[in-house]
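Here's the letter readout for the chains.
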Amino acid sequence: MVSSVQVLSDSDHIRSLFQSYISNLDGLYSSWKGISFDHLKNQAASFTSEFSNVITNQFNSFAQAVSLYEQYLNVKQNVAIAQSNYSQAVSYNRRQDAANFYSQVQSLTTQMNQLKTQIISYLNSINTRLDATSINGSNSVNSYIQGAMDWAIAVAANDSHGYSQSTRWGNPNYDCSSFVISAYEAAGIPVKEAGAGYTGSMRSAFTSVGFEWIPGDPNLDDLQPGDVLLTENSHTEMYLGNGKNIGAHGDYDAANGDSSGKEISITNYRSYPWQGVLRYVGNNKS
C-alpha cells in the first residue's frame, strides 16, 4: 500500500520538475533575448507556479487521506481484536470483562467511522474537476494583457517599424489593425488565427477567443489597460491606462520605419469616436 511519506516525496519530486523547467527556460536567455522571450518566460513561470500550487495542494490532501487510512486500518484491527476478546469473555461468562470489551468495540468503531468521514472529505477535495478557470484565472488574464501592452510599447520604441498598409505585418511596418492584432498574437492569444485581418474582422475574431464586446464610445474612466478601441470601418488603437493610447497612426514620410517617431506611438487618449471596446476576459470554453 502507498504510504503518506511516499506521496509527499512524489509531491516534492513534481515541484522540483517545475523548478527545473523554469531553470531550463532561464538557460535559454543568453541565446534568445527580447520581449517575446521575456513574456514567454513570465507566462511559463506564472503557469507553473499556479499549477504547482494546485498539484501540491492535491498531493497534500491525498497524503492526509493516506495517513488517516493508515490510522483507520490500525483501528479496524483493534476493533477485530476487541470483538474477539468480547466473544471469548461472553463464552466464559466473564460479564465484567465482556462489558469492558464491548465498550472498547463501541469506542473504536466510533473512531473508525470518524476517520472514514475525514478520509472521504480529503478525497472529495482532490476529486474536484481541474478546469480552465482554476489554471487560467485572473492572473493569467492580466499576464496576456500585459504581454500585449509590453509588445506594443517595444515596437513603438523601435523606429525601424513605421506605418504602412502594403508592408503591414511587421515586415517592417504595421497599420492600425495589424499592430493591435499582432500585439495580442505575440502575447499568446490567437486572434489572427481566429480570422482577425483588418478592423472589419476584428470584432468577430477577438470575441471568439476570449474578448467581450462593449458597444458605444466609452468614457475614459470606464476603460481598462489593454482595452482595444475599435471603429470597425476605419481605425483601432489600444488603451494603455493613465489617459494614454498606443497605435499605428499614419505614414509621415512614405518610407520604411518611423523617422518622425509619430507613426507608431503613444498619444493622449482621444474619442475617435469609437464604436466599442474589445476587452480580454479570458477564454474559459471547454
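What counts as what
The numbers attached to residues start from 1 for each chain and follow its sequence in the written order. Thresholds applied to this predicted model are a pLDDT of at least 70 for local features of residues and 80 or more for the giving and counting of side-chain atom pairs; totals over whole chains, interfaces and linings are not thresholded and use all residues. Side-chain descriptors were evaluated using all non-hydrogen atoms of the structure, hydrogens and water having been removed beforehand. To define a nonpolar core, start from buried Ala, Val, Leu, Ile, Met, Phe, Trp, Tyr and Cys residues and group those joined through side-chain atoms within 4.5 Å. Using a 1.4 Å probe on the protein chains alone, a residue whose accessible area is under 20% of its type maximum counts as buried, one over 50% counts as exposed, and one in between counts as partly exposed. For the purposes of this entry, the term helix denotes a DSSP run of H or I that reaches at least four residues, the term strand denotes a run of E that reaches at least two, and both are numbered from the N terminus. Should any heavy atoms of two residues lie within 4.5 Å, those residues are considered in contact. By definition, pLDDT measures how confident the predictor is in each residue, and it falls between 0 and 100. Two aromatic rings from Phe, Tyr or Trp, using only the six-membered ring of Trp, form a pair when their centres are within 6.5 Å; if the ring planes differ by under 30 degrees the pair is stacked, by over 60 it is edge-to-face, and anything between is tilted. Placement of a charge over a ring requires the Lys NZ or Arg CZ to be within 6 Å of the ring centre, with the centre-to-atom vector within 35 degrees of the ring normal.

J.: It is not clear to me how the nonpolar core should be interpreted in this structure. Could you clarify?
T.: If you look at the biggest cluster of nonpolar residues, it comprises 35 residues, and the most contacted ones within it are Phe179, Tyr184, Val191, Phe206 and Phe211. Secondary structure elements with two or more residues in this core: α5 (138-157), α6 (176-186), α7 (199-207), β1 (211-215), β2 (228-231), β3 (235-241), β4 (244-248) and β6 (276-280). The dominant element in this core, judged by the number of residues it contributes, is α5, at nine residues. Ignoring sequence-local partners within four residues, the contact set of Phe179 consists of Trp151, Ala152, Val155, Tyr174, Ile246, Gly247, Ala248 and Ile264. One finds Tyr72, Leu108, Met112 and Leu115 within the second-largest nonpolar core, a separate group that totals eleven residues.

J.: Looking at this structure, how should I read the confidence of the model for the protein?
T.: Low pLDDT means the predicted coordinates in that region are not meant to be read closely. Summarising the model, the protein shows a mean pLDDT of 81, and 72% of its residues fall at 70 or more. Helix α4 (residues 132-135) is the least confidently modelled element of the protein, averaging 38 in pLDDT, while β2 averages 98, the highest of any element. The model gives residues 128-139 a pLDDT under 50, and that stretch makes 18 contacts with residues more than four places away or in other chains.

J.: Please explain the packing of aromatic side chains as it appears in this structure.
T.: Two aromatic rings are characterised by how far apart their centres lie and by the angle between their planes. Under the definition given, this model contains twelve aromatic pairs. Ring geometry for Tyr174 versus Phe179: centroids 6.1 Å apart, planes at 75°, classification edge-to-face. Pair check on accessibility: Tyr174 and Phe179 agree, each one buried. Through successive ring pairs, a cluster of aromatic residues spans Tyr144, Tyr184, Phe206, Phe211 and Tyr280. For the cation-ring pair, Lys192 lies above Trp169, with the distance from its terminal atom to the ring centre recorded as 3.8 Å.

J.: I keep staring at α6 and nothing clicks. Help me out?
T.: Since there are 3.6 residues in each turn of an α-helix, residues three or four apart along the chain are aligned in direction. Among the eleven residues in α6, nine count as buried, and that is most of the element. Listing the buried residues of α6 in full gives Cys176, Ser177, Ser178, Phe179, Val180, Ile181, Ser182, Ala183 and Tyr184. Immediately beyond the C-terminal end of α6, within one or two residues, lies Gly188, with a positive phi of roughly 105°.

J.: Can you walk me through unusual backbone geometry in this structure?
T.: Across the junction of Asn171 and Pro172, the peptide omega takes the value 0°, indicating a cis bond. Within the secondary structure, Pro172 sits in the loop between α5 and α6. Looking along the chain, the bond that leaves Tyr272 and enters Pro273 is cis, with omega of 10°. Mapped onto the fold, Pro273 is located in the loop between β5 (264-268) and β6.

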